[in-house]
Amino acid sequence: MPAPVLSLKARALRYLSQREHSRFELRRKLAKYAQEDEDVDALLDFLEKNNWLSQERFAESLINRKASRYGNSRVVAELQSHGVTGDALVEIKAGLSDSETARAVEVWQRKFGTVATDAAMRAKQMRFLLQRGFSQRAARVAMQGSPADDELS
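How each quantity is defined
- Residues numbered from 1 in each chain as written.
- Predicted model: local features only at pLDDT ≥ 70, side-chain atom pairs only at ≥ 80, totals over all residues.
- Heavy atoms only, no water.
- Salt bridge = Lys/Arg side-chain N within 4 Å of Asp/Glu carboxyl O.
- Buried < 20%, exposed > 50% of the residue type's maximum accessible area, 1.4 Å probe, protein only.
- Axes fitted to C-alpha atoms, helices over the stretch in contact; angles between N-to-C directions.
- Helix = DSSP H or I, 4+ residues; strand = E, 2+ residues; numbered from the N terminus.
- Parallel < 35°, antiparallel > 145°, perpendicular 65-115°, else oblique.
- Left-handed = near helix turned anticlockwise from the far one by under 90°.
- Contact = heavy atoms within 4.5 Å.
- Patch = residues over 30% accessible without salt bridge, like charges linked within 9 Å, V, L, I, M, F, W, Y side chains within 5 Å.
- Areas by Shrake-Rupley, 256 points an atom, 1.4 Å probe, with all protein chains shown as cover.
- Lys, Arg positive; Asp, Glu negative; His and termini not counted.
- Charge placed at Lys NZ, Arg CZ, Asp CG, Glu CD.
- Expected span 1.5 Å × (residues − 1).
- Arc of directions from axis to C-beta.
- UniProt positions renumbered as here; feature names shortened; annotations may be inferred.
- Polar contact = N/O pair within 3.5 Å; in protein donor to acceptor, adjacent residues only side chain to side chain.

### Concerning the pattern of salt bridges
For step 1, the next point in the chain: This structure, assessed with the given rule, holds six salt bridges.
For step 2, the next point in the chain: A salt bridge links arginine 19 to glutamate 25, with the shortest nitrogen-to-oxygen separation between them at 2.4 Å.
For step 3, the next point in the chain: On the basis of relative accessibility, which here comes to 3%, the residue glutamate 25 falls in the buried class.
For step 4, the next point in the chain: Here the salt bridges share partners, and the residues they tie into one network are Arg23, Asp45 and Glu48.

Below, the structure written as structure tokens:
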């Protein structure tokens, strides 16, 4: 017996029950099942009005998933790719910058754990942290092994 055809609203609720989605991402997923574009936007407006779809919750969810492994620039770039912009993005950047050095230290500690003794190893560790999206300042502090307490705040 074939599976029943789901309505657009049922598909949206199924996606949202699995994890938080941004409006941009949910529109993209639902567009292939919609008859007209207006149907998708009206449904997204309805979901936002009933607080089933929330950019703030989506941003918090993505930050909780990614911030422990990646630096500010990588997390912010991912948020932008999902359509998070404006004042919300500015607030998120400010919140992330407070903890970037501490997160860089944790990532460096998990991966390397010891201070590099030669230039090649220092370069490898720096590249690793920079590719993860950490700033140069945070990477330098993390590579020192035991950062000052005032840097971690």
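### Let's talk about the packing of helix H1 (residues 8-18) against helix H2 (residues 23-31)
For step 1, the next point in the chain: Contact geometry of H1 with H2 gives a least axis separation of 10 Å together with a crossing angle of 135 degrees. Classified by the interaxial angle, the pair formed by H1 and H2 is oblique. The two elements H1 and H2 meet at a crossing, and its hand is right-handed. On H2, the residues that touch Leu8, Arg11, Ala12, Tyr15 and Leu16 of H1 are Leu26, Lys29 and Leu30.

### Concerning a positive patch on the surface
For step 1, the next point in the chain: Taken together, the side chains of Arg65, Arg69, Arg74 and Arg110 make up a positively charged region of the molecular surface.
For step 2, the next point in the chain: Along the chain, arginine 110 turns up in helix H6 (residues 87-111).
For step 3, the next point in the chain: Note on arginine 110: relative accessible area 57%, which makes it exposed.

### Thoughts on helix H4 (residues 55-66)
In an α-helix, one full turn covers 3.6 residues, which means residues spaced three or four apart are oriented alike.
For step 1, the next point in the chain: Taking 1.5 Å of rise per residue, the twelve residues of H4 would be expected to cover 16 Å, and the 16 Å separating its terminal C-alpha atoms lies within 8% of that figure.
For step 2, the next point in the chain: The complete set of buried residues in H4 reads Phe58, Ala59, Leu62, Ile63 and Lys66. The arc that holds the buried residues of H4, viewed along the axis, is 130 degrees, so those residues lie on one side. Facing away from the buried surface of H4 by more than 90 degrees, the exposed residues are Glu56, Glu60 and Asn64.
For step 3, the next point in the chain: If you follow the buried residues of H4, they end up packed against H2, helix H5 (72-81) and H6.

### Observations concerning a negative patch on the surface
For step 1, the next point in the chain: Judged by side-chain charge, Glu56, Glu60, Asp87 and Glu91 come together as a negatively charged surface patch.
For step 2, the next point in the chain: For the negative patch, the elements supplying multiple residues, two or more each, are H4 and H6.
For step 3, the next point in the chain: Looking at where aspartate 87 falls in the secondary structure, it is placed in helix H6.
For step 4, the next point in the chain: Aspartate 87 gets classed as exposed once you look at its relative accessible area, which sits at 63%.

### Thoughts on the UniProt feature "domain: RecX third three-helical" (unreviewed entry) in the chain
For step 1, the next point in the chain: Using the residue numbers shown here, the UniProt feature "domain: RecX third three-helical" (unreviewed entry) corresponds to residues 99-136.
For step 2, the next point in the chain: For residues 99-136, helix accounts for 71% and strand for 0%, while the C-alpha atoms at its two ends are 14 Å apart.

### Considering H2
For step 1, the next point in the chain: Taken together, the buried positions of H2 are occupied by Arg23, Glu25, Leu26, Lys29 and Leu30. Burial along H2 is one-sided: seen end-on, the buried residues are contained in an arc of 160 degrees.

### Digging into the side chain of glutamate 25
For step 1, the next point in the chain: Positionally, glutamate 25 belongs in helix H2.
For step 2, the next point in the chain: Within the structure, the side chain of glutamate 25 is placed 2.4 Å from the side chain of arginine 19, a separation counted as a polar contact.
For step 3, the next point in the chain: Non-local contacts of glutamate 25, meaning those with residues more than four positions away in its chain, are made with Arg19, Phe58 and His82.

### Observations regarding the environment of arginine 23
For step 1, the next point in the chain: With respect to the secondary-structure elements, arginine 23 resides in helix H2.
For step 2, the next point in the chain: According to the relative accessible area criterion, arginine 23 is buried, its value standing at 16%.
For step 3, the next point in the chain: Along the chain, arginine 23 and glutamine 55 lie 32 residues apart, while their C-alpha atoms are 7.1 Å from each other.

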